[in-house]
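Results of the structural survey
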Protein chains: 2
Amino acid sequence: MTLAPAPRARTSTHLSTDHDFPGDSVPNTITAARDIRPAAPSAGVLTPLGLTESRLADTGFWGLRARVNADATLTHCLDWQERAGWLANFDAVAAGEDGATRNGREFSDSEAYKLLEAYCWENATHPSDELEAVIRSLTARIAAAQASDGYLNTNFDRPGGAARYTDLEWGHELYNYGHLLQAAVARIRTHGDDDELVTLARRVADHVCDTFGDDGIRSVCGHPEIEVGLMEFARATGEERYREQARLFIERRGHGVLADIEWGRSYYQDDIPVREATVLRGHAVRALYLAASVVDLAVETDDAELLAIAETQWENTVARRTYVTGGMGSHHQDEAFGDDFVLPSDRAYCESCAGIASVMFSWRLLLATGKARYADLIERTLFNIVATAPSEDGRSFFYSNTLHRRSPGAATDPDVQSKRADSSQRAAWFDVSCCPNNLARTFASLGGYLATADASGVQIHQFADAVIDVPLEAGRLVVELATRYPDDGEIALTVRSAPGAAATIAVRVPEWAAGATLEVDGVASPVEPGYASVTRDFAEGDVIVLRLPLDVRIVRADARIDAVNGQVAVERGPLVYALESVDLPAGAHVDDVVVDPSSVPRIEGDVIVLDGALETAADGHWPYGSDVGAAERVPLAVPLVPYHRWAERGPATMRIWLRTA
Amino acid sequence: MTLAPAPRARTSTHLSTDHDFPGDSVPNTITAARDIRPAAPSAGVLTPLGLTESRLADTGFWGLRARVNADATLTHCLDWQERAGWLANFDAVAAGEDGATRNGREFSDSEAYKLLEAYCWENATHPSDELEAVIRSLTARIAAAQASDGYLNTNFDRPGGAARYTDLEWGHELYNYGHLLQAAVARIRTHGDDDELVTLARRVADHVCDTFGDDGIRSVCGHPEIEVGLMEFARATGEERYREQARLFIERRGHGVLADIEWGRSYYQDDIPVREATVLRGHAVRALYLAASVVDLAVETDDAELLAIAETQWENTVARRTYVTGGMGSHHQDEAFGDDFVLPSDRAYCESCAGIASVMFSWRLLLATGKARYADLIERTLFNIVATAPSEDGRSFFYSNTLHRRSPGAATDPDVQSKRADSSQRAAWFDVSCCPNNLARTFASLGGYLATADASGVQIHQFADAVIDVPLEAGRLVVELATRYPDDGEIALTVRSAPGAAATIAVRVPEWAAGATLEVDGVASPVEPGYASVTRDFAEGDVIVLRLPLDVRIVRADARIDAVNGQVAVERGPLVYALESVDLPAGAHVDDVVVDPSSVPRIEGDVIVLDGALETAADGHWPYGSDVGAAERVPLAVPLVPYHRWAERGPATMRIWLRTA
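Worth saying up front: this structure is predicted, and the values here are computed from it rather than measured. (Residues numbered from 1 in each chain as written. Chains lettered and ligands numbered in written order. Predicted model: local features only at pLDDT ≥ 70, side-chain atom pairs only at ≥ 80, totals over all residues. Heavy atoms only, no water.)

Let us look at the sheet that holds strand β12 (residues 466-472) of chain A. Residue and element names in this part refer to chain A. If you walk across this open sheet you meet the 7 strands as β6-β12-β13-β14-β19-β16-β17, and the pairing is antiparallel. Edge strands, defined here as strands with exactly one partner in the open sheet, are β6 (54-56) and β17 (523-526). Neighbour-to-neighbour, the strand axes of this sheet turn through a mean angle of 20 degrees, independent of strand direction. In terms of strand pairing, strand β14 (residues 490-497) meets strand β19 (residues 543-547) through 5 bridges, oriented antiparallel. Within the sheet, the bridge partner assigned to Leu493 lies in β19 and is Ile544. (Pairing = 2+ DSSP bridges. Helix = DSSP H or I, 4+ residues; strand = E, 2+ residues; numbered from the N terminus. Axes fitted to C-alpha atoms, helices over the stretch in contact; angles between N-to-C directions.)

Residues and elements named next belong to chain A. Parsing chain A into structural domains produces domain 1 (3-49 + 450-547) and domain 2 (552-660). Counting residues at the interface gives 4 residues for domain 1, matched by 5 residues for domain 2. When the buried area of domain 1 at its contact with domain 2 is split by residue, Pro486, Asp487 and Trp512 rank highest and sum to 90% of it. Counting across the domain 1 and domain 2 interface gives 0 salt bridges. Applying the counting criterion to the domain 1 and domain 2 interface returns 0 residue pairs in polar contact (both at pLDDT 80 or more). (Domains from an automatic or database assignment. Contact = heavy atoms within 4.5 Å. Buried area = accessible area lost by both parts, 1.4 Å probe. Salt bridge = Lys/Arg side-chain N within 4 Å of Asp/Glu carboxyl O. Polar contact = N/O pair within 3.5 Å; in protein donor to acceptor, adjacent residues only side chain to side chain.)

On to the relation of the copies chain A and chain B, then. Of the transformation placing chain A onto chain B, the axial shift is 0.1 Å and the rotation is 180 degrees, giving an RMSD of 0.0 Å. Such a turn and shift between the copies fits a two-fold axis. A symmetric contact is evident, with 100% of the interface residues of chain A recurring at the interface of chain B. (Least-squares fit on C-alpha atoms with pLDDT ≥ 70 in both.)

Moving on to the interface of chain A and chain B. The interface is formed by 56 residues belonging to chain A together with 56 residues belonging to chain B. Counting each side, the surface lost to burial between chain A and chain B is near 4,900 Å², with a carbon and sulfur contribution of 49%. Run the count over chain A and chain B and you get 6 salt bridges. Close ionic contact of B:Asp562 with A:Arg406 constitutes a salt bridge, the shortest N to O distance being 2.8 Å. Viewed at the interface, chain B and chain A are joined by 26 residue pairs in polar contact (both at pLDDT 80 or more). Put simply, the parts of the chain that give the side of chain A that touches chain B at least two residues each are α10 (304-320), α12 (372-386), β20 (552-557) and β26 (624-625) of chain A. Considering every element that reaches the side of chain A that touches chain B, the biggest residue donor is β20(A), with 4 residues. Tallied by class, the residues present in the side of chain A that touches chain B amount to 21 nonpolar, 14 polar and 21 charged. Bridge analysis of β20(A) against strand β26 (residues 624-625) of chain B gives 2 bridges, and the strand direction is antiparallel. Bridging from a neighbouring strand, A:Arg556 pairs with B:Gly625 of β26(B). (Nonpolar A, V, L, I, M, F, W, Y, C, P; charged D, E, K, R; others polar.)

Residue and element names in this part refer to chain A. Where helix α1 (residues 60-83) meets helix α13 (residues 434-444), the axes come as close as 9 Å, and the angle between the chain directions of the two elements is 140 degrees. Crossing angle aside, the handedness with which α1 passes α13 is left-handed. Here Trp62, Arg65, Ala66, Asn69, Thr73, Leu74, Cys77 and Gln81 of α1 come into contact with α13, specifically with Pro436, Asn437, Leu439, Ala440, Phe443 and Ala444. Partitioning the contact of α1 with α13 into residue classes produces 9 nonpolar, 4 polar and 1 charged. (Left-handed = near helix turned anticlockwise from the far one by under 90°.)

This paragraph deals with α1(A). Count 3.6 residues to each turn of an α-helix, and residues three or four apart come out pointing the same way. If you check α1(A), its first and last C-alpha atoms are 33 Å apart, about what 24 residues at 1.5 Å a residue would give, namely 34 Å. The positive-phi residue at the C-terminal boundary of α1(A) is A:Gly85, with phi of around 80 degrees. (Expected span 1.5 Å × (residues − 1).)

What follows concerns the sheet that holds strand β6 (residues 54-56) of chain B. Residues and elements named next belong to chain B. Strand order in the open sheet formed by 7 strands is β6-β12-β13-β14-β19-β16-β17, and the pairing between neighbours is antiparallel. For this open sheet the edge positions go to β6 and β17 (523-526), each flanked by a neighbour on one side alone. The average undirected angle you get between the axes of adjacent strands in this sheet is 20 degrees. Pairing between strand β16 (residues 517-520) and strand β19 (residues 543-547): 4 bridges, direction antiparallel. For Thr517, the partnering residue across the bridge sits in β19 and is Arg547.

Before going further, it helps to examine the packing of aromatic side chains. Here the structure, examined in full by the defined rule, presents 49 aromatic pairs over all chains. Each ring, one from A:Trp170 and one from A:Tyr268, has its centre 6.2 Å from the other, and the planes form 55 degrees; the classification is tilted. Separated by 98 residues along the polypeptide, A:Trp170 in the loop between α4 (129-144) and α5 (173-191) and A:Tyr268 in the loop between α8 (240-252) and α9 (284-300) bring together distant segments of the chain. The exposure class of A:Trp170 is partly exposed, given its relative accessible area of 31%. When the ring of B:Phe90 is compared with that of B:Tyr113, the centres are 6.0 Å apart and the planes differ by 50 degrees; the resulting orientation is tilted. Taken together, the residues B:Phe90 in helix α2 (residues 88-94) and B:Tyr113 in helix α3 (residues 108-125) connect sequence positions 23 residues apart. Both residues of the pair, B:Phe90 and B:Tyr113, count as buried. Linked through ring pairs, A:Phe61, A:Trp62, A:Phe383, A:Phe443, A:Phe463 and A:Tyr485 together constitute an aromatic cluster. When the ring centre of A:Phe61 is taken as reference, the NZ or CZ atom of A:Arg65 above it lies at 3.7 Å. (Phe/Tyr/Trp six-rings, centres within 6.5 Å; stacked < 30°, edge-to-face > 60°. Buried < 20%, exposed > 50% of the residue type's maximum accessible area, 1.4 Å probe, protein only. Lys NZ or Arg CZ within 6 Å of the ring centre and 35° of its normal.)

Attention now goes to the pattern of salt bridges. Taken as a whole and assessed by the stated rule, the structure comprises 122 salt bridges over all chains. Between A:Arg235 and A:Glu232 there is a salt bridge; the shortest N-O distance is 2.8 Å. Taken together, the residues A:Arg235 and A:Glu232, both in helix α7 (residues 226-237) and 3 residues apart, mark about one turn of the helix. The same class applies to A:Arg235 as to A:Glu232, namely buried. The partner of B:Arg364 in a salt bridge is B:Asp296, with the nearest N and O atoms 3.2 Å apart. Of this pair, B:Arg364 sits in helix α11 (residues 352-369) while B:Asp296 sits in helix α9 (residues 284-300), and the two are 68 residues apart along the sequence. Across this residue pair, the class does not change: B:Arg364 and B:Asp296 are buried. Salt bridges here are not isolated pairs; linked through shared partners, they connect A:Arg189, A:Glu232, A:Arg235, A:Asp296, A:Glu300 and A:Arg364.

Glancing now at the pairing of strand β12 (residues 466-472) of chain B. All names here are of chain B. Of the two faces of β12, the one lined by Ala466, Ile468, Val470 and Leu472 is fully buried and the one lined by Val467, Asp469 and Pro471 carries no buried residue. The pairing of β6 with β12 spans 3 bridges and is antiparallel. Paired with Leu56 across the two strands is Ala466, which belongs to β12. As paired elements, β12 and strand β13 (residues 475-483) share 7 bridges and run antiparallel to each other.

This part takes up the environment of B:Ser456. Residue and element names in this part refer to chain B. Mapping Ser456 onto the fold places it in the loop between β10 (451-454) and β11 (457-460). Residue Ser456 is classed as partly exposed on the basis of its relative accessible area, which comes to 32%. Within the structure, Ser456 has its side chain in polar contact with the side chain of Asp454 (distance 2.8 Å).

This brings us to the confidence of the model for chain A. Residues and elements named next belong to chain A. Per-residue confidence for chain A gives a mean pLDDT of 94, with 95% of residues at or over 70. Residue range residues 1-11 is modelled with pLDDT below 50. Its contacts to residues more than four positions away, or to other chains, number 30 contacts. We note a pTM of 0.93 for the whole complex and an ipTM of 0.91 for its interfaces. (pLDDT = per-residue confidence, 0-100.)

As structure tokens, then:
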């Protein structure tokens, strides 16, 4: 910890840095503006802010992406759901039709719910009649499909079809509800609870409690999500019954209540009770949604032991089962985590939804504990998974975010539903389109992840053009963030309104940012990774400038990650870089390139150039021996682009981890 | 090429070595004994021998395994098929029952056929009433299930069930037939064609031709196998119609006649016409069975262009898509080949059946071309996949043969059907039990892969205790092979009967055997990899000794195989070695071991010991950075065992590719 004396005369200024944000868990206070947030734990070291309290500007890296999301992705997803007939499924149920001509996969209902959630959040920060009309129209179609007892699903319980809850392993009925409840949470928090969506969601939640309570079906859904949905719905409605049902689902899991399958019950986390598990395993999205709900349960029930379990699971998962991009999931087969250190670049799965779920999990741990490492992983995941998945125009998406693309694949057809992992190119839509809709709701609520508050002031976790406007006891503290981050490491925090009493502004110094400084009143002091905080009686116009060194970092991996043994990855700021074949001499493959890790990187715009060489491999008839790999090398300047912007220039090969000369 | 003058006075002796066995393709001659062989192309550079002409002894590496197969595996497989109710499926069809209580997967019929084939081959080399009784009993049950028009399947066409040929993508009906035809081929060649199995197979084959001919269903089976079955059945019966039907299936494929699926039509080789493909792709077993049939088609139709295509596919597959063990298939998801150089050790699939299918493909190319490389790969695959899959007692099996096992998994229960890839331990049986039955038929016919003949003499391709007894024009040439290979590099060939005229004995010198010598009349001459041949007027008692140097070889991989970058594998003779955690200090993981590739290997029995160290990894919270992997090292003698005998001492971690210090 460093302490810098205050140079200003008016009041004392206290500058401190600590690895984590210090603080005890305290009850959160609620205001109308604060209510507009994706997750609202009732206690925690840090209190999340509402989307209008922590308002993302329309500029900068994230602001522009949020606008593309609002302007393009929302309608893109709505149009595709209509076109694919997934919304018409609700109409068909309302009309009493059987399911013979039903469209889409068994979980397609959830895409309408994720998208509805996105519309609700967007309508809070950029309200419009058009957004409201979509929300009401979607809600009406969904409501018409609801059964009199609250059941709601377009795939089961239709005339002549499979009965409800007859396939909990794969049916996704409760998973769908979870997303519906999250949409209703967004509606409550952005609009109020006198609303058709809220009403139908209450009926669903009550139906779930009636059906899956202690006296009901003592099982769980193959795909966790209902847990985190019920948890948040309980918070939004104040109904403890919903939280109790979530608890039941969480505690039931892991005792083999679901059928064993080829990949084992670990696939859906039904192998080990959550309190006994030490690492995430199985299907990555399932594991992460469940983990997020576990943090919720720990916080709501003041269960420190369970919170510690969740932290241990996070630690082991991050130390042994996470890609350098923050991506999670290394199996294509079951979209799952591999064993420790099974992190092959070329078979990385890193589902976009797993990145989003990872942010949800880390965010809840950050709120509960105030530890910087959770915000660090959120940043890494946002810049390298969440920002990578959508195209610049917001109309095509990666479902999986590989770290090494060996074959370019074909250009994708914007009018065709694509497979999940068969091209280097983003696709307009997938048969399984969780990712586009999940991205839509994430970008629409992104401001909520930038900052938090506590009684003493605000904490800035992510850097973006934004205005943080928080009522403290003594008065409003308004801080404007302005930055060209990640192109530039300077983040300026300008106080636009001060409470008139001592307050604290804390700002995260990323773990990679050795050499960072914090300037207060024109005096820069070194700050360590963690949170640097300035405590004083702020005045309007006060400026704090965080400067993060954006030196190029050449990183290696733990030797047990065999897949990248002897290779290096290049990072700068929060960004991971990649080599893409479109930047190589014609015909060259990224696998033919080696770099000199000791070379001095050159920065040219957003491109990093390393010294290296292009190899002409000596192809043999057998690729193993004492003298394989003898190859001719021609010197080459190796240009690397930010990973998040790869694959925008046509089919290409790509790799993040580079072979060394 | 080296030429050594003949030291013997009696006749001139001509010793030559060439990379490949020289010769033109000639028509094969058939004798009763010669007929007993799995594949009998009508032409080729080399002529395969019958199982009683090329008779594997009951001793030595392969002889003992063949006895374990006969004494344990055959009845093990029969018992499990009965116990799992797969054989009862035939009885149920015969009884006219519907399929509601059918047991097993859609392709379980094929396991009865593979096993029947195994019994037929075994009954040729070690005939017994018991074997014959099983053959007749199985045949009778199968025959009773055949429909009047020849259709035969226990999964389709049953009262109230799915109609025949309504799911060519996944139904496996034609795949099953392919194995039935191969069983019938074995019956014809070991017993004659006046037999119930042969009769029912003819009815199946005729039914297939009637149904899938030019005027019939113009499609193919999702799983190739019918092609190679029809090809061989045509050879065994002389019915050109069957060959023509095989040709239709082969040529139809690759034009998108099957449905597109998540993994693409490449999964079942329906993406590219076989004449346009340059490498094997998709599901490995499917690709390799198809490739074997393509060689058959090329040979039977004297299509040199098609043969060259098959050779190119083999070359590219071996150079870029094959593991050091000879294993093929690096995807768990679709049991498929990956892109070029996607060969991760820890996600290696290397299905046992793919190894067997690879031997079938290479064997056909060897017969057609006489090129040593095909025999080299067969040897590598036999010793490191086929010998690895079954346990020493022949009652448990690997379905997939990984090169790196990161977690030990659990002990397998000999009374439980296991999953395909969830433990380090071999399993007694699988829901998908192709591998045990495929291994059974392969071990039962192994002698057929040891040697070939041509007009001038014999060619020894694989080394095992065996007697090669071949009628040449001038008389019988009988050569006895005696060896402790692969424990010892000396292979003695003793002439037990000589034809009384000049003849040639050729013997393969493996590609890895630099420094090999061939001793004739007590004089050793250096021989190069390829085939070394001795031509002379042999006399009874003549001895030729091939000496292969069994130096330990430290090999590296093509740098484009990222997964093993900077690592080494250890080979000796035909064997690949592995590090198994049961040989490490208690609690140590194979991933914590590094070896010094420059150390002098010590050979202790069948164990190779390298100098190395045990690392205590410095676990961090994030496995990437500029200083990760700083670890304490304690010197360690690193013992390696032959890969084929790993996993016999309880659950363990294992790796073939070793990190280097």
